[in-house]
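Chain by chain, the residues run as shown.
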Amino acid sequence: MQLSRRRVLLGTAALAGCLGRPESSAGGAAVDGTSSRAATGTSGATTSPRAADGPPLSGTGLPVEWELETLREAVVAGGPPKDGIPSIDDPQFSSAAAADDRLAPDDVVFGLVRGDDVRAYPQYVMVWHEICNDVVGGDRVSVTYCPLTGTAMGFERGATTFGVSGSLVNNNLIMYDRASDSRWPQVLATAIEGPFAGRSLREFRLDWTTWERWRTAHPETRVLTESTGYVRDYGRDPYGSYNPPGGYYTSEFTLFERLYRDDRRPTKAVVLCSRTPDGRVAFALDALRSEAVGGGEVGETPYVAVYDAALDTGYVYRNPEGVEFAPVDGAVEGPEGRSYPTAALPLDRQYAFEGMWFAWAGFYPSTEVYGRV
Amino acid sequence: MSGAPLVARVGRPIVHTWRVGRTAARRRDVGLVFGLVTLGYLLTYLVAVGDLAPGRGEVGVTVVADPLSRALERTGVTTFEPVVLVDLGAVRYLFAPGTALVGLLLSVLVGLNLAFTYLAVRLPRTCGVGTASAGALAAVPALLSGAACCGPVLLLVLGVQASGLLLTAFDALVPLAAVLLVGALLFVARRVDPAALSAA
């Protein structure tokens with residue numbers, strides 16, 4: 001099914017910007033001057049959720065560019081039944097030194113820092129579980145990873161836990177919360193079905209990086225172990241390989257149909273994507289690697305993306321004044337020659353995550369994209 | 001329709017197949033074909049579902065906590081949670097009792113079909129089907145059922161996009177293969193005369 005742009009609904013929520021966490025998403029904003037609208041669409045909700053039971057919700061809905069009914073129609077069974085891919089609900093961690101025995105320097109890990117608590121979730125473990133329900137820095141969180149869209153995203157979970165529903169939309173993991181059984185596509189972070197339909201989660205950044213880089217930046221990190229409560233052939237990736245890159249992760253095909261096909265970039269090109277107050281934007285990570293600083297406009301507002309060589313990732317900032325930044329020795333030089341760490345420019349940093357181009361463009365057909373691959 | 005003829009109609013081919021099987025089992029060559037095919041199919045099935053894989057040179061056994069309840073958790077239509085990880089150096093085996101049982105059932109059916117087909121090829125007159133090629137037709141369902149174990153894996157290997165219809169087809173593949181194999185077994189056994197077989 002290739003859905004046309006005519007079926008796209010630019011549903012967004014009012015600008016929030018009130019969560020006070022630079023790396024947490026603050027909700028969407030009105031797009032293109034059209035009337036702002038929460039992402040409720042056709043909710044299909046029949047009961048009022050008890051907020052206390054479910055996951056903590058974002059104060060405003062995140063932008064959703066498709067009607068919820070359209071998204072529900074695009075849901076496919078991925079093969080395994082509900083919880084057939086089991087979430088990790090009692091994660092165990094080791095020291096970095098102990099993890100050296102089982103992680104190669106270039107193996108992918110998803111890094112998380114919350115307060116003094118620093119953790120790494122190896123991709124080779126997460127690929128078999130997709131969700132890790134954890135407590136980090138005293139906060140109950142879920143670390144999630146979808147192999148088919150190459151997206152690692154963190155969510156606050158409150159008293160509940162998330163599980164893998166077994167269904168997919170646009171090839172993306174659909175999570176369910178065990179309090180209400182609402183269905184949450186990971187990339188949207190917004191429920192498309194169930195009591196919480198149309199409501200959005202509180203999300204936070206995970207750093208998609210390599211073990212060597214993470215360990216160097218955070219030697220105190222603790223690392224998720226293979227003691228997950230399940231036995232798996234850890235070390236074998238059923239989809240392909242990131243070290244070296246191969247298989248599904250680099251091929252041009254998708255395992256299931258996508259919501260919308262956009263050929264502005266190769267299918268699996270990795271983009272740094274963000275739902276900004278001015279619209280959706282993606283920066284090609286390869287281009288960012290070579291140029292270190294990239295810019296573009298979303299709506300009419302300038303944005304700047306900077307490359308973090310230490311972690312091989314990037315950050316996106318709203319740059320309404322169009323301030324010029326230039327790379328200098330692993331940092332960024334701003335006005336009057338002042339130097340800033342790449343993660344702390346004097347601008348409003350946006351929640352951004354890495355993902356495969358097809359997945360981002362499928363969910364957000366209106367996205368701007370910058371940087372040639 | 002009375003109950004007795006129906007029972008007889010269903011029961012007779014089963015009893016006949018049992019007799020053929022028992023008689024054929026006395027032949028060493030048939031037993032060898034059955035054993036090799038059953039073992040080969042079972043190993044292929046376990047590899048295809050991901051329970052049997054190359055090892056990493058380690059040796060050891062890991063058992064999950066509460067294996068009895070975990071063994072009943074499904075990971076697919078006909079696959080279940082593994083409860084024991086066995087590392088044997090060159091081989092790593094994830095023992096999932098439910099998956100192993102399904103695989104064994106399919107493997108025995110494939111083994112019996114091909115053993116009977118072997119009889120048809122070697123002794124077409126005994127089978128009463130006239131020619132070896134006609135007897136060998138019974139092998140078709142057995143070969144088709146090979147897709148049951150590795151269908152979804154093929155999608156990734158070949159880079160084929162899965163449609164809803166294809167996924168539904170995969171879901172039905174294992175049960176369908178089992179039914180086809182049972183049907184083929186009864187069909188080919190019907191044409192074998194156990195008395196002639198023991199005399200051959």
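These numbers were taken from a predicted model, which means no experiment stands behind them.

> I'd like to hear about the overall build of chain A, residue by residue, with values.
A tally of helices and strands in chain A yields six helices and 28 strands. In chain A, which comprises 373 residues, the proportion classed as buried is 60%. Only carbon and sulfur atoms are counted for the fraction: they give 47% of the accessible area of chain A, which is about 13700 Å².

> Pulling in residues and values, what's your account of the sheet that holds strand 13 (residues 203–204) of chain A?
Backbone hydrogen bonds hold the strands of a sheet together, and the pairing may be parallel or antiparallel. Residue and element names in this part refer to chain A. One open sheet accounts for four strands, arranged 7-8-9-13; its pairing is antiparallel. Each having just a single partner strand, strand 7 (131–136) and strand 13 make up the two edges of the open sheet. Pairing between strand 9 (residues 151–156) and strand 13: two bridges, direction antiparallel. By the bridge assignment, F155 is partnered in strand 13 with E203.

> Give a description of the environment of A269 of chain A that names residues and reports values.
Residue and element names in this part refer to chain A. Checked against the element boundaries, A269 lands in the loop between strand 17 (245–247) and strand 18 (270–276). Judged by its relative accessible area of 11%, A269 falls in the buried class. Sequence separation between A269 and A284 is 15 residues, and the spatial gap between their C-alpha atoms is 7.2 Å.

> Just give me the short version of a nonpolar patch on the surface, but keep the residues and values in it.
Residues and elements named next belong to chain B. A cluster of nonpolar residues, L6, V10 and I14, forms a patch on the protein surface that exposes about 270 Å² of accessible area. Positionally, I14 belongs in helix 1 (residues 3–25). For I14, a relative accessible area of 48% translates into the label partly exposed.

> A description of the environment of R140 of chain A should follow, citing residues and the corresponding values.
Residue and element names in this part refer to chain A. As for its position among the elements, R140 is in strand 8 (residues 139–146). Its relative accessible area of 44% is what places R140 among the partly exposed residues. Sequence separation of R140 and P320 is 180 residues, and the distance between their C-alpha atoms is 35 Å. Setting aside residues no more than four positions away along its own chain, R140 makes contact with D134, V135, E156, R157, G158 and A159. Engagement of the side chain of R140 in a polar contact is seen with the backbone oxygen of G158, the distance being 3.2 Å.

> Could you give an account of the interface of chain B and chain A, naming the residues involved and the relevant values?
Frequently, the measure chosen for interface size is the accessible area that the parts lose on association. Each side of the interface is counted separately: chain B has 24 residues, and chain A has 21 residues. For the pair chain B and chain A, the two sides together bury roughly 1800 Å², of which 56% comes from carbon and sulfur. Run the count over chain B and chain A and you get three salt bridges. Ionic pairing is found between D233 of chain A and R56 of chain B, a salt bridge with its closest N-O pair at 3.0 Å.

> Residues and numbers for the packing of aromatic side chains, please.
Residues and elements named next belong to chain A. Following the criterion strictly, the structure yields 15 aromatic pairs over all chains and no others. Centroid distance F162 to W184: 6.4 Å. Interplanar angle 85°. Geometry classified as edge-to-face. In this pair, F162 is assigned in strand 10 (residues 162–169) and W184 in strand 12 (residues 183–185), connecting sequence segments 22 residues apart. Owing to a relative accessible area of 0%, F162 belongs among the buried residues under this scheme.

> So what's going on with the nonpolar core? Which residues, and what values?
Residues and elements named next belong to chain A. Ranked by size, the top nonpolar core spans 93 residues in total, and within it L71, Y121, W211, Y248 and W360 carry the most contacts. It is helix 6 (residues 357–363) that provides the largest number of residues to this core, a total of six residues. Residue assignment places this core across two domains, with domain 1 (38–259) and domain 2 (270–370) each supplying three or more. In contact with W211, other than residues within four places in its own chain, are A96, A99, D100, L103, A104, P105, D107, V109, A120, T221 and V223.

> Please set out the pairing of strand 18 of chain A residue by residue, giving values where relevant.
Residue and element names in this part refer to chain A. Of all seven residues in strand 18, six are buried, a share of seventy percent or more. Pairing of strand 18 with strand 27 (residues 353–356), which is carried by four bridges, proceeds in the antiparallel orientation. Its bridge partner being in strand 27, L272 is matched across the sheet by E354. Examined bridge by bridge, strand 18 and strand 19 (residues 279–284) share six bridges and lie antiparallel to one another. The partner of T276 across the bridge, within strand 19, is G279.

> Got a sec to walk through the domain arrangement of chain A? Specific residues and values, please.
Residues and elements named next belong to chain A. The domains assigned to chain A are domain 1 (38–259) and domain 2 (270–370). In this structure, domain 1 and domain 2 have C-alpha centres spaced 23 Å apart. Counting residues at the interface gives 34 residues for domain 1 and 24 residues for domain 2. For the pairing of domain 1 and domain 2, the buried interface totals around 2400 Å² over both sides, and the portion due to carbon and sulfur atoms is 58%. Of the charged contacts in the structure, one is a salt bridge between R275 and E203, with a shortest N-O distance of 2.4 Å. Summed over the shared surface of domain 1 and domain 2, the number is 14 residue pairs in polar contact (both at pLDDT 80 or more). Counting residues per element, the ones that place at least two in the side of domain 1 that touches domain 2 are strand 2 (64–66), strand 9, strand 13, strand 14 (207–210) and helix 4 (211–217).

> Which residues make up the pairing of strand 11 (residues 172–177) of chain A, and what values do they have?
Residues and elements named next belong to chain A. Within strand 11, six of the six residues are buried, which leaves the element mostly enclosed by the surrounding structure. Here strand 10 runs beside strand 11; their pairing, made up of five bridges, is antiparallel. Looking at the pairing, L168 lines up with L173 of strand 11. Connecting strand 10 to the next strand, strand 11, in antiparallel fashion are two residues, including N170 with a positive phi near 55°. With three bridges connecting them, strand 11 and strand 12 associate as antiparallel partners. When the sheet's bridge partners are listed, I174 is paired in strand 12 with P185. From the end of strand 11 to the start of strand 12, which pair antiparallel, there are five residues, and D181 there has a positive phi angle of about 65°.

Scoring rules and cut-offs
- Residues numbered from 1 in each chain as written.
- Chains lettered and ligands numbered in written order.
- Predicted model: local features only at pLDDT ≥ 70, side-chain atom pairs only at ≥ 80, totals over all residues.
- Heavy atoms only, no water.
- Helix = DSSP H or I, 4+ residues; strand = E, 2+ residues; numbered from the N terminus.
- Buried < 20%, exposed > 50% of the residue type's maximum accessible area, 1.4 Å probe, protein only.
- Areas by Shrake-Rupley, 256 points an atom, 1.4 Å probe, with all protein chains shown as cover.
- Pairing = 2+ DSSP bridges.
- Patch = residues over 30% accessible without salt bridge, like charges linked within 9 Å, V, L, I, M, F, W, Y side chains within 5 Å.
- Salt bridge = Lys/Arg side-chain N within 4 Å of Asp/Glu carboxyl O.
- Contact = heavy atoms within 4.5 Å.
- Polar contact = N/O pair within 3.5 Å; in protein donor to acceptor, adjacent residues only side chain to side chain.
- Buried area = accessible area lost by both parts, 1.4 Å probe.
- Phe/Tyr/Trp six-rings, centres within 6.5 Å; stacked < 30°, edge-to-face > 60°.
- Core = buried A, V, L, I, M, F, W, Y, C linked by side-chain atoms within 4.5 Å.
- Domains from an automatic or database assignment.

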